[in-house]
Structure formats: structure tokens, C-alpha cells
Amino acid sequence: MTQISERAAAPVEAPVQPADPSAAESSAAAQSAATAVTFAKALNTALADAMAADSSVLMFGEDVGPLGGVFRITDGLTARFGPGRCFDTPLAEAGIMGMAVGMAMNGMRPVVEMQFDAFAYPAFEQVVSHVAKLPNRTKGRVLLPMVIRIPYAGGIGGVEHHCDSSESYYAHTPGLTVLAPATVRDAYLMLREAIASPDPVVFLEPKKLYWSKEVVDLGELRRTFEDGSAPRTIGSAVVARSGTDATLIAYGPSVPTAMAAAAAAAEEGRSLEVIDVRSLVPFDDETVCASVRRTGRAVVIAETPGFASVAAEIVARVQERCFHSLAAPVRRVTGFDIPYPAPKLEHHFLPSVDRILDTVDELQWEDGQ
Amino acid sequence: MTIPTNSDSTRTEGGVDTQLLPSPVPVQLIDHHGEAHSDARYALPDPRALLAGYARLISGRRINDQANALVRQGRLAVYPSSHGQEACQVSAALVLQSQDWLFPTYRDTVAVITRGVDPLEVFTLLRGDWHSGYDPYELHVAPQATPLATQLLHAVGVAHAAKLRGEDTVVLALCGDGATSEGDFHEALNFAAVFHVPVVFFVQNNEYAISVPLKNQSVAPSLAHKAIGYGMPGERVDGNDLAALLSVLGAAVDHARSGGGPALIEAHTYRMQAHTNADDATRYRPAEDVDKWIPKDPISRLRTYLRGLSLLDDAVEEQFAADAEALAASIRAGLNADVEVDPQELFAHVYTQKTAQLREQADLLRDELSREAVQP
């Protein structure tokens, strides 16, 4: 346990499922401002707080101005900060990305929204050839403190090109920090940290979690971020649920699924630990491996097609580092190696509680303990 | 180039603002016989400025020749020469003030050196020590771009940031004729026009994108005609006429500086040599085509003109040649010296702080090298 940092000692975060607002009100202490807050509102507040704290922070993209973004993540920012700070661009993702590079070169901290995962692909060259490489090209003389916000992944019944899990493309590219929050609290803290980072960050926002709620005190989160007392999230995984029999390793949209699987397993008498990776790059080998060494078994859960994916990388890292602690091969529950399905078929594709539990059942329990 | 006054839109009730269109033929102030011609819109630069520019042309040509020689000697991996395009290179640097930014491509080494960047730091790229060797902030010169047209968007972003802060900064972004086919060229011009930012897009149309002639890139009336599609002024200029280039580019820079927005300038020039030393131009163009451009050389016409004004004589020419030779000698000496490249630097700049994974990999390489060092 000593290998687990103070993050693990922090209170286990509330499940991501929508909370009962009345419960939130009754449980909140009179002096606390804790309320049920959506993931979307936490992101919106993080953007507003970052823009209020630093006039070089800019927000731009498609429909992010008066409309407030198609998911309303930028709601109210143009009205509050003016059209010079939060504004719509022509409909051209490479243009958005390339302009952000130049602005970051010249003293700004741009945050850009790609609207949907698959709509970010026209900007791919700018991301891979410049966002990721320009600091290295110039030996760190040019830093690119910019954030690429991407509403990503599926589970929302979206049409094609609106549900891709594109994290592996970015995670494969040296120079990019890649984050995928799964909780309302992390949505706030990780976006603030991403904006404050001197390195470019790809910030993946699980679309299906936008409307999930958690009881948090946004004012308290703001205070702890700004006074530096909030634990750092970049490069740090977190134990989302403690357990002893096997470790479920998940990130982003798969975390609530993993949590639900762990809850269901508990009813069957099996204790599953859930690790929320949340920082895909840099990856926290220490926290992940400490858990797997304790439990001896692991399943990696991700929506992305599994072949050559972040999930595949996690499996490889765990096998390399924890081989002598393992009672069974590390398994994966990922999307199939197919294009993202049409809405009526997506439930077959997405990792489900049943598929996770079936996979856990196959972890050679009869041989081990 | 006539400047539109309406910064919001160039669409008017009466139809399209045709004043955005470029001249029917490229602006030329000194022809290839060295004779000056007056132009209603563009003034001939002061002869003293042209003499100073001539000195830079001589240096630029010498840099091109020297770099080619260093490739043959194995000191540079490759060199994309701007031989024949030196007037574009020199003018791009000379029209800018110190607070302005230059966004060059791989073929714009002479422009970068003319701007004042240490040649040895410029050649870091081509001798293979690192992907870029100079500090972009020192003289406001972006790293030389290798992908086509991507840097034009960065130029727009730098200008946009400067505009938001109310700074007096103009950005001059270079690209070639082939790059105008790229999507990023379109997006950069459109963004620059919509956000009305001070960028001058300067296309050196040297007629070839490696082996592909311009007629296979575009059938637009000219590349400068594309400007009107974005609502910005376009202009065409003789790319081997330093006088016309200084005047036309200078007007566009002044226009951008005064809040007039972006402009697109197309210089008609010619790539006298192969794409790089690794290319064989005889496979796609006959020598006679190249020969046709020899009389249009940017140096010979300005030499004739300045000699006609008695500003240039043998003594001054000898001085310019000696200065250029001294520069070439310093480049030779610098590139003939072996430079130690620290392999640990491979991991140092990927992120501002090495990740745990990069620390592991840096240790692995350090360990490998230390074991190699003790082995015979």
C-alpha cells in the first residue's frame, strides 16, 4: 500500500451515475456549497475560472461562441469575456489547430474545441507534425501551452463520425499529454491543470458523461486548484474503488462501467479494485502496477478497438512489470476491431458489465487461489 | 494593389470588389536589361536601398553556392537552393521591422540569414544536428517549415495574438507555388481574412514543385488571383526584380501594419537548380527552359541599373564580393568543425519535464553508450 500515493488515501470518488439532487441537498453541510454538478458544468466552470485567472487563456472553435458549443461546454464565455477571448472560427479544424499553434507561440494559452472526435482528423497533421513536435524541434525554446478539447467516444446513440475513441492516435504521438477524466471532480481539476500545463494537452471528454452528476463544491475545487493544494492529476492514476481479488483498469467513459462491474462483482462475493487511469500520457505505471501486484489479476477496459490501442499498451506494460505477481494473463475488454457501429448496434460494441464480469471469471481462479 | 477600406466584408451591394484583383501582369520596376520603368502605384525604391539590397543578393548567391558545395563535401545532408530566387529571399527579410515575424520554409535559408540569424545555427537543420538550430524569439524567425503550408496557419496565429494584444507586429509568411494546393494554404488565407490579421502571404512561384510544373497545380489565372476569393488584395510581382519586390512587399507590410488586414503576393521567379541535390531536374525539364531564365537573373539586372547610376563600380563590387566570400568562409569553417551532439538531449525537450517512461529510456541509452565506451 505504501506505493500508492496520497491519491489512493483520498476519499473514493462518488459514482459517476447521476446523483439524486435531494440527497445532495440533505447531505451537504449547511456551510458547504456542495451541490449536484454535471460533468459539463464542471468543464464550463473550469474554462471560466481559467479565463478569469489568466487573460492569455483563449477559447475558440466551431460554435463555441454565442451558442456555447454543441454540448454547451463554453456556455456564457463569450458574454462574460468578450468575443476576443471566446469566439467562433471558420469551419476548418486544421485552421483552428494551426492558428492555436501560432497563438501559443506568441504568448497565448489557447483552448480549442474539436466539436466531435472524428471531426478532429482534418487537424491531425497540425497535431502530429507541429503541436507535438515544435517544442522538441526548437529544443524547448518554443513551448505550446495549448489544450485540444475533444468530445469523444460513444454510448450516446450518435451517428457515424460522432462516437470515435481516438485516444490511441494521440497517445502514440510523443510530445502530447493525453488526459481522459471520468469524474466531475476530475473534469474540473484536470481541465484547469491542462490549461496551466506548459505542454500541449489533448483533453478527451467522454460525451456520455457530460450529463452525469456528482456532488461537488466547485468553489472549493477552484480554491484548492488555485492555492496548489489539489493533488496533481497529470501523470497520476487513481484508485477509484478499492478491492483485493482483481484490478479493473479503465479510463474515461469506461470508468463508470468498471465501477458498475465492481459493484455487481461485490454482490457475488468478489472484490474488484478499479483504477481510473485518467492520464493516458504520461502513464502512471506505479499506481497501476502497485494495484496489480496486490491483486494478481487485471482486466483493462476501454471503448476503443483493442488492436494496437492504449488498452494494448497497458496490458503490455503490466505484463512486463508485474509478471511474477500475476496469477492469470492480463485480459482486455475493448471495442471490437470494427468501425464504430450504428446506434442500434453500439451496445454490442461497448464494454458492458456482463462482458467485464465474464472476462474476470476467466482469470484462472481455479489455478490461483 | 488597391486597399479595401471595409474590413468586415469585401462583398458590396454593387457586386464584387474587383480592386482586390492583382495587376494583369506582374509588377516590374527594373526590367532584365536593367532599365527602370515607372509604375503608377509602386515607387522605385531609393537607389541607396537598392545598393544595400544588391550587396545582400551577392551574399545570398554566395550562400547558395557554398551550401551546394558543402553538400558535395558531405558536410550538409541536403540543400534546397534558392539560386535565382535571391531577390525574393532578400526582399522578404528587408521589408520587415525588428518586431515583425518571418515564417520561412526549407528553401528560405537565404531569407533567414538576411534577417540576421547566425548561418551556423540555420545550417544545424541541414547538417543533421537537430531539426532547428536557432532561437525563434531572438529575431522573430519561426523554424524553417518542412511540411507545406502548415506554417502559414502558425503565422496567422502569431499575428492574431499580436492583434489581440494591440501590438505593432506584421507577419510575413513564405511558401511556394506547390504549397498553394494544400488545404492549409486555403485555411490560412481564409482565417487571416476573417480575423483581419496582419499577415502578408508571400508565394514564390518558381514554377516547380519538385518535378511537377505549375500548370499541374493550378489553372487559376494566377496564384495571386486566389486572394479575391478570400476577400483580401492580391498582387503579382516580378520575382527577380528586387526593386519591385521591395516596393510591392513594402506596401503590403505597411498596409497590414496600419490595420488593413492580410494580402497575398505572388512573385514570378524560377528555380534555377534542382529541388535539392538529391533531385535530377533533367528528368522533367529541358535545359533550354532553364536557360531562358538566365537573362532574367535578379543580380545582373540590378548590377546594370546600379552601374548606370554610378552607384556601383569595380571597387564597390570587389568589396561586396569580399564580404560575401568572408561570409562563405565563416560558414565553411563552422561546418567543417565537428559538433558534439548529446544523445541525452533526445529526451530533454519532448515534454518540459521528462516523463517516467522517458527517464527509463534515457537511462537505457546512457547505459548502452557507457558500455560501448568501455568496449574496445
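## Some points on the environment of Val117(B)
All names here are of chain B. Tracing the backbone through its elements, the reader meets Val-117 in the loop between helix H3 (109-115) and helix H4 (119-122). Distance from Val-117 to Val-141, taken between C-alpha atoms, is 8.2 Å for residues 24 residues apart in sequence. Excluding residues within four positions of it along the chain, Val-117 makes contact with Val-112, Val-122, Tyr-134, Leu-139 and Val-141.

## Observations regarding the domain arrangement of chain A
Often the size quoted for an interface is simply the accessible area lost on bringing the parts together. Residue and element names in this part refer to chain A. Taken domain by domain, chain A comprises domain 1 (7-226) and domain 2 (238-368). Computed from C-alpha coordinates alone, the two centres of domain 1 and domain 2 are separated by 25 Å. Taken together, the contacts link 33 residues of domain 1 with 27 residues of domain 2. Our count for the domain 1 to domain 2 interface comes out at two salt bridges. The shortest N-O distance in the salt bridge between Asp-186 and Arg-278 comes to 3.0 Å. The interface formed by domain 1 and domain 2 includes 11 residue pairs in polar contact (both at pLDDT 80 or more). If you list the elements that add at least two residues to the side of domain 1 that touches domain 2, you get helix H1 (6-9), helix H8 (167-171), strand E6 (177-179), helix H9 (184-196) and strand E7 (201-206). Here the residues of the side of domain 1 that touches domain 2 are counted per class, giving 18 nonpolar, nine polar and six charged.

## Focus: empty space enclosed by the protein
Per the counting criterion, the structure on display carries two cavities of 30 Å³ or more. Of the pockets and cavities examined, the largest cavity occupies roughly 90 Å³. Considering the residues around the largest cavity, the lining is formed by Met105(A), His130(A), Leu134(A), Arg137(A), Phe103(B), Ala142(B), Pro143(B), Gln144(B), Ala145(B), Gln151(B) and His154(B). Elements represented by at least two residues in the lining of the largest cavity include exactly helix H7 (134-137) of chain A together with helix H6 (150-164) of chain B. Residues belonging to the lining of the largest cavity are distributed by class as follows: six nonpolar, four polar and one charged. Roughly 30 Å³ of internal volume is contained in the second largest cavity. Every residue lining the second largest cavity is listed: Thr105(B), Ala145(B), Pro147(B), Leu148(B), Ala149(B), Gln151(B), Cys175(B), Gly176(B) and Ala179(B).

## What about the packing of aromatic side chains?
All chains considered together, the criterion is met by 20 aromatic pairs over all chains. Between the aromatic rings of Phe87(A) and Phe195(B), the centroid separation amounts to 5.3 Å while the plane-to-plane angle is 70 degrees, which identifies the pairing as edge-to-face. Of this pair, Phe87(A) sits in strand E3 (residues 86-88) while Phe195(B) sits in the loop between helix H7 (183-194) and strand E5 (199-205), each in a different chain. Residue classification places Phe87(A) among the buried positions, given a relative accessible area of 6%. Note on Tyr208(B) and Tyr270(B): the rings are 6.2 Å apart at their centroids and 85 degrees apart in plane angle, and the pair reads as edge-to-face. Taken together, the positions of Tyr208(B) in strand E6 (residues 208-209) and Tyr270(B) in the loop between strand E9 (263-268) and helix H10 (287-291) put the pair 62 residues apart, joining distant regions of the chain. Taking the relative accessible area as the measure of exposure, Tyr208(B) reaches 11% and is therefore buried. Ring pairing ties together the aromatic residues Phe39(A), Phe71(A), Phe116(A), Phe119(A), Tyr210(A) and Trp211(A), which thus form one cluster. The ring of Trp130(B) carries Lys139(A) above its face, with NZ or CZ at 5.0 Å from the centroid. Taking the ring centre of Trp365(A) as reference, the NZ or CZ of Arg270(A) above it sits at 4.0 Å.

## Side note on the sheet that holds strand E10 (residues 246-250) of chain A
Residue and element names in this part refer to chain A. A sheet is described by the order of its strands in space; here five strands give the open sequence E9-E11-E10-E13-E14, paired in mixed fashion. Each edge of the open sheet is held by one strand with a lone partner, namely strand E9 (238-241) and strand E14 (331-335). Each strand of the sheet is rotated relative to its neighbour by a mean of 25 degrees, with strand direction disregarded. Across four bridges, E10 lies against strand E13 (residues 298-305) in parallel orientation. Considered in E13, the bridge of Leu-248 is made with Val-299. Strands in contact with helix H13 (residues 310-322) are E10, E13 and E14; relative to E14, the strand with the most contacts, it is inclined by about 175 degrees.

## Considerations on the side chain of Ser165(A)
Residue and element names in this part refer to chain A. With respect to the element layout, Ser-165 can be found in the loop between strand E5 (147-152) and H8. Exposure remark for Ser-165: the relative accessible area of 14% places this residue in the buried category. Excluding residues within four positions of it along the chain, Ser-165 makes contact with Tyr-152, Ala-153, Glu-303 and Thr-304.

Rules of the game
- Residues numbered from 1 in each chain as written.
- Chains lettered and ligands numbered in written order.
- Predicted model: local features only at pLDDT ≥ 70, side-chain atom pairs only at ≥ 80, totals over all residues.
- Heavy atoms only, no water.
- Helix = DSSP H or I, 4+ residues; strand = E, 2+ residues; numbered from the N terminus.
- Contact = heavy atoms within 4.5 Å.
- Domains from an automatic or database assignment.
- Salt bridge = Lys/Arg side-chain N within 4 Å of Asp/Glu carboxyl O.
- Polar contact = N/O pair within 3.5 Å; in protein donor to acceptor, adjacent residues only side chain to side chain.
- Nonpolar A, V, L, I, M, F, W, Y, C, P; charged D, E, K, R; others polar.
- 1 Å grid on protein atoms, 1.4 Å probe; cavity = no way out; pocket = protein on both sides within 12 Å on 5 of 7 lines; lining within 4 Å.
- Points joined across faces, edges and corners; volume = space filled by probe spheres on them.
- Phe/Tyr/Trp six-rings, centres within 6.5 Å; stacked < 30°, edge-to-face > 60°.
- Buried < 20%, exposed > 50% of the residue type's maximum accessible area, 1.4 Å probe, protein only.
- Lys NZ or Arg CZ within 6 Å of the ring centre and 35° of its normal.
- Pairing = 2+ DSSP bridges.
- Axes fitted to C-alpha atoms, helices over the stretch in contact; angles between N-to-C directions.

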